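# Breakdown of the fold
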Amino acid sequence: MSQPVWGWCLLQQRVIAAVAFVLIGLLVLTLHYMYRHKGTYHTNEAKGTEFAESADMALQGDPALQDAGDSSRKEYFI
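On a predicted model such as this, the values are computed, not experimentally measured, just so you know.

### What to know about the overall build of the chain
Regarding its fold elements, the chain presents two helices and zero strands. For the chain, buried positions account for 1% of its 78 residues. Accessible surface, the chain as shown: approximately 8,200 Å² in total, 64% of it carbon and sulfur.

### Digging into the UniProt feature "transmembrane region" (unreviewed entry) in the chain
Per the UniProt record, "transmembrane region" (unreviewed entry) is found at residues 15-35. Taken end to end, residues 15-35 comprises 100% helix and 0% strand; its first and last C-alpha atoms sit 30 Å apart.

### Brief notes about a nonpolar patch on the surface
Taken together, the side chains of Trp8, Leu11, Val15, Val19, Val22, Leu23, Leu26 and Leu29 present a nonpolar region at the surface, about 810 Å² in accessible area. Its place among the elements puts leucine 26 in helix H1 (residues 2-36). A relative accessible area of 47% means that leucine 26 is categorised as partly exposed.

Each value, and the rule that gives it
Residues numbered from 1 in each chain as written. Predicted model: local features only at pLDDT ≥ 70, side-chain atom pairs only at ≥ 80, totals over all residues. Heavy atoms only, no water. Helix = DSSP H or I, 4+ residues; strand = E, 2+ residues; numbered from the N terminus. Buried < 20%, exposed > 50% of the residue type's maximum accessible area, 1.4 Å probe, protein only. Areas by Shrake-Rupley, 256 points an atom, 1.4 Å probe, with all protein chains shown as cover. UniProt positions renumbered as here; feature names shortened; annotations may be inferred. Patch = residues over 30% accessible without salt bridge, like charges linked within 9 Å, V, L, I, M, F, W, Y side chains within 5 Å. Salt bridge = Lys/Arg side-chain N within 4 Å of Asp/Glu carboxyl O.

See the structure below:
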């Protein structure tokens, strides 16, 4: 009669150990993911625009926004 009790305890210990290993593995994977993706923030804004007097002055020298068209017409996007 003492055999099933020891067998039950051994099964419980194995289940607890398996759950502990799974939790430790998930912790390691989560820490690895957080380390690799530190939250670097990339913007597509033009460099040096924070020191300009106005939005027009900031974007005046940006080569991506230069066009061969009429520069007297301005468009403002809100």
